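Each chain, written out:
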Amino acid sequence: MEAGTIWNGILTFAFGLLGWVLKNYIEDLKRITVLLNRTREEIAKEYVTKGEVHADINRVMHRLEALDAKLDRLLESRAKGHV
């Protein structure tokens, strides 16, 4: 065998191996990308945005303020009745 033939065989094997490894990496990257996108979709379903949290907190705070005002009026009316 000539050196050129051996060299061509080595290069063919090396590039073939490199191509196979790159193909597997690309397939894994695609699979991981799909999993990441699914994870993002699931997170969007389960978690709320900052705006939604602020709206809910504001609604609760308004109800607490209304209850506080009612309690104040009740306590004032009882205090006036005992005076």
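Shown above is the structure to which this text applies.
Residues numbered from 1 in each chain as written. Predicted model: local features only at pLDDT ≥ 70, side-chain atom pairs only at ≥ 80, totals over all residues. Heavy atoms only, no water.

A. Examining the overall build of the protein chain more closely. Per the secondary structure count, the protein chain includes two helices and zero strands. Relative to a compact globule of 83 residues, whose C-alpha radius of gyration would be 12 Å, the protein chain shows 35 Å and is clearly more extended. In terms of principal-axis extent, the alpha carbons of the protein chain reach across some 120 × 15 × 15 Å. Taking all 83 residues of the protein chain together, the buried fraction comes to 0%. Split by element, the accessible area of the protein chain, about 8,000 Å² in all, is 65% carbon and sulfur. The positive charge centre, built from 13 side chains, and the negative charge centre, built from 12, are 6 Å apart in the protein chain. (Helix = DSSP H or I, 4+ residues; strand = E, 2+ residues; numbered from the N terminus. Rg over C-alpha atoms; globule rule 2.2 N^0.38 Å. Buried < 20%, exposed > 50% of the residue type's maximum accessible area, 1.4 Å probe, protein only. Areas by Shrake-Rupley, 256 points an atom, 1.4 Å probe, with all protein chains shown as cover. Lys, Arg positive; Asp, Glu negative; His and termini not counted. Charge placed at Lys NZ, Arg CZ, Asp CG, Glu CD.)

B. Here's a closer look at a negative patch on the surface. Taken together, the side chains of Glu65, Asp68, Asp72 and Glu76 make up a negatively charged region of the molecular surface. The topology assignment puts Glu76 in helix 2 (residues 50-82). (Patch = residues over 30% accessible without salt bridge, like charges linked within 9 Å, V, L, I, M, F, W, Y side chains within 5 Å. Salt bridge = Lys/Arg side-chain N within 4 Å of Asp/Glu carboxyl O.)

C. View of the pattern of salt bridges. In this structure the tally under the stated criterion is three salt bridges. One salt bridge in this structure joins Glu27 and Lys23, with 3.4 Å as the shortest N-O distance. Of this pair, Glu27 and Lys23 both sit in helix 1 (residues 3-46), four residues apart, roughly one helical turn. For Arg31, the salt bridge goes to Asp28, with nearest N and O atoms at 4.0 Å. Of this pair, Arg31 and Asp28 both sit in helix 1, three residues apart, which is roughly one turn of that helix. Relative accessible area serves as the criterion here: at 37%, Asp28 is assigned to the partly exposed category.

D. Molecular detail of a nonpolar patch on the surface. A surface patch of nonpolar side chains, about 600 Å² in accessible area, is lined by Val48, Val53, Ile57, Val60, Met61, Leu64 and Leu67. You can see Met61 is positioned in helix 2.

E. Examining the environment of Thr39 more closely. Structurally, Thr39 is set in helix 1. In this structure, the C-alpha to C-alpha distance between Thr39 and Leu11, residues 28 residues apart in sequence, is 41 Å.

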